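# Notes for the structure review
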Amino acid sequence: MLRVERLSMRFGGLLAVDGLSFDVRRGDITALIGPNGAGKTTVFNCITGFYKPTTGRIAMSAEGLADPDAIDALTRSSSRERNGIHLLERMPDHEIARHARVARTFQNIRLFAGMSALENLIVAQHRPLMRASIFSLAGLVGAPSFRAAENAAKQKAGDWLARINLLDRADDPAGALPYGDQRRLEIARAMCADPVLLCLDEPAAGLNPRESADLTALLRMIRDEFGVSLLLIEHDMSVVMEISDHIVVLDYGRKIADGTPAEIRADPSVIAAYLGVPDEEVDAVVQEALS
Amino acid sequence: MAETPVAEHRPASAALAEAARVGLIAGALAFPVLALRAEPDFSNRLVLQPRWSWMLGAAVAGFAGRLLLSLLPPRRPKTAQAAQAKRASRRAAQAFAAFGLGLIFIWPLLVLLALGPGGALKWIDNYGVQILIYVMLGWGLNIVVGLAGLLDLGYVAFYAVGAYSYALLATNYGASFWICLPVAGCLAAFWGVLLGFPVLRLRGDYLAIVTLAFGEIIRIVLINFSALTNGDAGIASIPRATFFGLPFVPGPKGFDAFFGLPFSPIHRVVFLYYLILALALVTNLATLRLRRLPIGRAWEALREDEIACRSLGIDTTKTKLTAFALGAMFGGFAGAFFAARQGFVSPSSFNFTESATILAIVVLGGRGSQIGVAAAAIAIVGGSELLRELDFLKHVFGEDFDPTQYRMLLVGLAMVMMMNWRPRGFVSTREPSIFLGARKQIGGDFVKEGRG
Ligand SMILES: Nc1ncnc2c1ncn2[C@@H]1O[C@H](COP(=O)(O)OP(=O)(O)O)[C@@H](O)[C@H]1O
Ligand SMILES: [Mg+2]
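Residue numbers restart at each chain and count upward from 1, following the sequence in its written direction. Chains carry letters and ligands carry numbers; both start at the beginning, A for chains and 1 for ligands, and go up in the order they are written. It should be noted that, the model being predicted, local features are given only for residues of pLDDT at least 70 and side-chain atom pairs only at 80 or more, the latter also being counted only at that level, while totals for whole chains, interfaces and linings use all residues. Think of the side-chain values as coming from all heavy atoms in the structure, minus any hydrogens and water.

### Focus on the overall build of chain A
So the rule is basically this: In this text, helices come from DSSP runs of H or I with a minimum length of four residues, and strands from runs of E with a minimum of two, each type numbered from the N-terminal end. Restricting the calculation to C-alpha atoms gives the radius of gyration, and the globule rule supplies 2.2 Å times the number of residues raised to the power 0.38. Between buried and exposed lies partly exposed: a residue is buried under 20% and exposed over 50% of the maximum accessible area for its type, with that area taken using a 1.4 Å probe on protein chains only. We call two residues contacting when some pair of their heavy atoms lies within 4.5 Å. Per-residue accessibility takes into account occlusion by the displayed protein chains alone, with areas from the Shrake-Rupley method and a 1.4 Å probe. Counted as positive: Lys and Arg. Counted as negative: Asp and Glu, with His and the chain ends omitted from the count. Charge placement uses NZ in Lys and CZ in Arg. For Asp and Glu, CG and CD serve respectively.
On a plain count of helices and strands, chain A comes out with 13 helices and eleven strands. Scaling as 2.2 N^0.38, a compact globule of 291 residues should have a C-alpha radius of gyration of about 19 Å, and chain A matches this with 20 Å. Seen through its C-alpha atoms, chain A measures out along the principal axes to roughly 75 × 50 × 35 Å. Here chain A holds 291 residues, and the buried ones make up 56% of them. Restricting to contacts in chain A with at least 6 residues of sequence separation, those with at least 24 account for 65%. Accessible surface, chain A as shown: approximately 12,300 Å² in total, 51% of it carbon and sulfur. Taking the 32 positively charged and 40 negatively charged side chains of chain A as two groups, their mean positions are separated by 8 Å.

### Considering the coordination of the magnesium ion (ligand 2)
Residues and elements named next belong to chain A. Note the threshold: Each metal site is built from N, O and S donor atoms within 2.8 Å (3.2 Å for Na, K and Ca), and since water is not included, such sites may look incomplete.
Looking at the metal site, the magnesium ion (ligand 2) is ligated by T41 (OG1) and Q107 (OE1), spaced 2.0 to 2.2 Å from it. One end of the pair, T41, is in helix α1 (residues 40-47); the other, Q107, is in the loop between β7 (102-104) and α4 (117-123), and 66 residues separate them in sequence. With relative accessibility at 25%, the residue T41 sits in the partly exposed group. For Q107, a relative accessible area of 34% translates into the label partly exposed.

### Observations concerning the layout of surface pockets
All names here are of chain B. Here is the rule: Lining residues are those with an atom within 4 Å of a point, where the points come from a 1 Å grid over the protein atoms alone and group into cavities, where a 1.4 Å probe fits but cannot get out, or pockets, open sets with protein on both sides within 12 Å along at least five of seven lines. Grid points are joined across faces, edges and corners, and a volume is the space filled by probe spheres set on the points. Side-chain classes are defined by residue name, with Ala, Val, Leu, Ile, Met, Phe, Trp, Tyr, Cys and Pro counting as nonpolar, Asp, Glu, Lys and Arg as charged, and the others, Gly among them, as polar.
As a volume, the second largest pocket reaches approximately 870 Å³. Those elements that place two or more of their residues in the lining of the second largest pocket are α1 (12-35), α2 (52-71), α15 (393-397) and α16 (407-421). At seven residues, the largest contribution of residues to the lining of the second largest pocket is made by α16. Here the residues of the lining of the second largest pocket sort into 20 nonpolar, three polar and no charged.

### With respect to the sheet that holds β7 of chain A
Residue and element names in this part refer to chain A. Threshold: One bridge is not enough; two strands pair if DSSP finds at least two bridges between them. Under this scheme, a helix contributes an axis fitted over its contacting stretch, all axes are lines through C-alpha atoms, and angles between N-to-C directions fall in the 0 to 180 degree range.
Pairing in this open sheet of six strands is mixed, and the strands run β7-β8-β9-β3-β10-β11 from one edge to the other. Either end of the sheet is taken by a strand with one partner, and the two such strands are β7 and β11 (254-259). Pairs of neighbouring strands in the sheet enclose a mean axial angle of 20°, with direction left out of account. Of the strand pairs in this sheet, strand β3 (residues 29-33) and strand β10 (residues 246-251) are connected by four bridges, and their pairing is parallel. Counterpart to I33 in the pairing with β10 is V249.

### Quick word on the site of ligand 1
Residues and elements named next belong to chain A. Operational definition: Nearness here has a simple test: a residue counts as near a molecule or strand if at least one of its heavy atoms is within 4 Å of that partner. We call two N or O atoms a polar contact when they sit within 3.5 Å, provided that within protein one can donate a hydrogen and the other can accept it, with sequence-adjacent residues counted only if both atoms are side-chain atoms.
As a matter of local geometry, ligand 1 sits amid F11, L14, A16, N36, G37, A38, G39, K40, T41, T42 and Y51. Within the side chain of Y51, a nitrogen or oxygen atom sits 3.0 Å from a nitrogen atom of ligand 1. For ligand 1, whose accessible area on its own is 560 Å², the fraction buried by protein is 63%. Mapped onto the shell around ligand 1, the elements with two or more residues apiece are β2 (14-24) and α1. With three residues, the top contributor of residues to the shell around ligand 1 is α1. Of the residues belonging to the shell around ligand 1, the class tally is five nonpolar, five polar and one charged.

### What to know about empty space enclosed by the protein
Taking a probe equal in size to a water molecule and rolling it over the atoms shows the remaining empty space. With the rule as written, the count across this model stands at one cavity of 30 Å³ or more. Of the volumes computed, that of the largest cavity is approximately 40 Å³. Of all the elements in the fold, those that place two or more residues in the lining of the largest cavity are α3 (93-100) and β7 of chain A together with α11 (306-311) of chain B. A per-class count over the lining of the largest cavity returns five nonpolar, two polar and three charged.

### Some remarks on the interface of chain A and chain B
Counted only if it meets this: Values labelled buried area give the accessible surface lost by two parts on being combined, using a 1.4 Å probe and summing over both. Think of a salt bridge as a Lys or Arg side-chain nitrogen and an Asp or Glu carboxyl oxygen that are within 4 Å of each other.
Each side of the interface is counted separately: chain A has 45 residues, and chain B has 34 residues. Taken together, the two surfaces of chain A and chain B that pack against each other cover about 3,400 Å², and 66% of this comes from carbon and sulfur. At the boundary of chain A with chain B, the tally comes to five salt bridges. Summed over the shared surface of chain A and chain B, the number is 15 residue pairs in polar contact (both at pLDDT 80 or more).

### Examining the domain arrangement of chain B
Residue and element names in this part refer to chain B. Put simply, the rule is: Bear in mind that the domain bounds are from an automatic or database domain assignment.
For chain B, the domain assignment lists domain 1 (12-70) and domain 2 (98-421). At the interface, five residues of domain 1 touch four residues of domain 2. Both faces considered, domain 1 and domain 2 share a buried interface measuring about 320 Å² in area, 60% of it formed by carbon and sulfur atoms. The three residues of domain 1 that bury the most area against domain 2 are V33, R37 and W54, which together make up 80% of that side's buried surface. The interface formed by domain 1 and domain 2 includes zero residue pairs in polar contact (both at pLDDT 80 or more). Along the lines of polarity and charge, the residues of the side of domain 1 that touches domain 2 split into three nonpolar, no polar and two charged.

### Quick word on the sheet that holds strand β1 (residues 2-11) of chain A
As a general point, the strands of a sheet are linked pairwise by backbone hydrogen bonds and lie either parallel or antiparallel. Residue and element names in this part refer to chain A. In spatial order, the strands read β2-β1-β4-β6-β5; together these five strands make up an open sheet with antiparallel pairing. Strands with a single pairing partner mark the edges of an open sheet, and in this sheet they are β2 and β5 (81-82). Relative to strand β6 (residues 85-87), β5 runs antiparallel, the two sharing two bridges. The partner of R82 across the bridge, within β6, is I85. Lying over the sheet, helix α2 (residues 68-76) contacts β1, β4 (55-61), β5 and β6, oriented at roughly 45° with respect to β6.

### Re the packing of helix α4 (residues 156-173) of chain B against helix α6 (residues 204-224) of chain B
Residue and element names in this part refer to chain B. We apply this condition: An angle counts as roughly parallel when it lies under 35 degrees, as roughly antiparallel when it exceeds 145, as roughly perpendicular when it falls between 65 and 115, and as oblique in every other case.
In the contact formed by α4 and α6, the axes pass within 9 Å of each other and the chain directions differ by 30°. By the angle between their directions, the pair α4 and α6 is classed as roughly parallel. Residues A157, F158, A160, V161 and Y164 of α4 lie in contact with α6, whose contacting residues are F214, G215, I218 and L222. Here the contact of α4 with α6 is built from residues that sort into eight nonpolar, one polar and no charged.

Here it is, written out as structure tokens:
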């Protein structure tokens, strides 16, 4: 559903992402891994419109991978969207969230700390509520249609709070929740924005093994029950290997491997990138192991 | 065996040293302010008269005050009892708010009964109408600063736009107050959007500086565009607000004759009082309502984290512009009222001090809190007016003591102390806009102040 092609992002003299191409298939859990500073967060920022890529193309289609000819035709035109295909590099961040329906979480949690957990989830439903409030006019007079929309939003938020086991803390400030709960609340908030693709930046960072297991279950549930595709950055290899269908490995902004968990686990260049040894030595080790 | 808290009991020598330090600072601060007094001599030249005893008094007061503070028992840590006390104090605050609102409603009648029409005029006009104008301005700015977290130092510009809109429309076209009021609000909102556009990408300090400049630009345009605004001289004899067409004038066509009352200027002032009260309450109700709508929640979310807002598909540009426009609109209403009350507007009414006062009201009250802002407006505007009444101090300091000279000094001192005591203002807690269970307040430590 997402096709990233020859994506590059330059910061001054630093090429943080260098000609990266990969696909995210619909219904998959795709992991983007790599050592610190490899450029993973930068890729997320390009996909979600927070950075404008230096070069490259990012095509998003809710219906699954788009026909390459259709993407090319759209690229030649000056528009951003045609037949359900969005060119994300042409869109501002909030429109990507709204029209291309890509939601995300952040490496350093960005909840609305002074608002309650419930409010966080209601703010995420801004679009449908705004439409129901008709320029705030229906809301100001308390029209029944707006009331109904607000109740539906509250219902949805309550449902998500129940799913992440935070129903009893619904009215507490998000900033007062324990770290693990904040991570899950941020994911629930992104889900309340009704995405088709959810991008998670290191969701398991700082979690204990128990919380990691809960998280894995939550991500599976999101995929299976809501049919939302997932793209996640993660350092915890046990999480990555357990839930991913497809892994893309990044090092110094370049893709060094791309495949199933089993393929990645056996890939010598990945081992090298993670252990920081030259390829020849890894080859030697692998040869030794095989013989 | 319970351990005695060592850190909390400081030796007397340390307390003495600290008190001496504070005393020295107080004395040093008092030197330029109190010890040096400039008096005109016979040939009208200023001569310095030292008043060393005053300086000594300040130093001693500082020393004694600090020492007293050290002797007080240290603050107890929070316990369950403290939480209960907090709930009780919240109930007390609600009762106080209800009482305050009731008092505000009957205030003119109360002073009329107590002082008669002659004495009541000042108390309704200077204390009532004047304070309520600032309450309304504070509430208007609260949308921009308190809810959306956008630091606006040029709010007075919209007050000016509203005032001049009414002044020009009423003097040139004879339009009535009730037609001009919405027009003034719309024009101010329009200027709010105009200001909003260039500053959308600015944050924090930069936003503050540009809005400050905007306020000054509007004032300077009012001074220099004399063909329209009559420059520094201002616009005089603006038609006063009428009681739905009935002017407050003596004679058969006036309000008093219509209702068969003897003519009295107090009727107009009482009418103005209830008019600004109604306008302020409309501002308050609209803000409270908006806070519970998606747009209001988006403002607060914007204050908390702009990047997260954008990741959720919220158009932060539009969100900021609506905050600027609505805040400006209420400022415009207040401005139109101001012009109709004074009958005269000039650029000198709209200088930076006004913006600073309104911002101080919002910050002192507690950003985002409607009741806090109202209390701060009463404290700052009412307090600085009250300080004019300090004639009794002459009995303490002698006949040649002029209390009004120390008015602003005392206001400043009170504000410094207040901000030390409650850095986040009178009301630092925030009530969520929607609940699943019981109503709970959110502590001020979690609520962000916004970075522009
Ligand atoms: N806004 C920025 N300006 C300059 N350099 C940046 C910026 N964002 C990221 N970088 C640099 O790009 C590189 C990749 O960073 P990042 O994408 O955060 O890595 P990762 O998420 O894989 O750890 C790093 O060297 C980082 O310093
Ligand atoms: Mg990162």
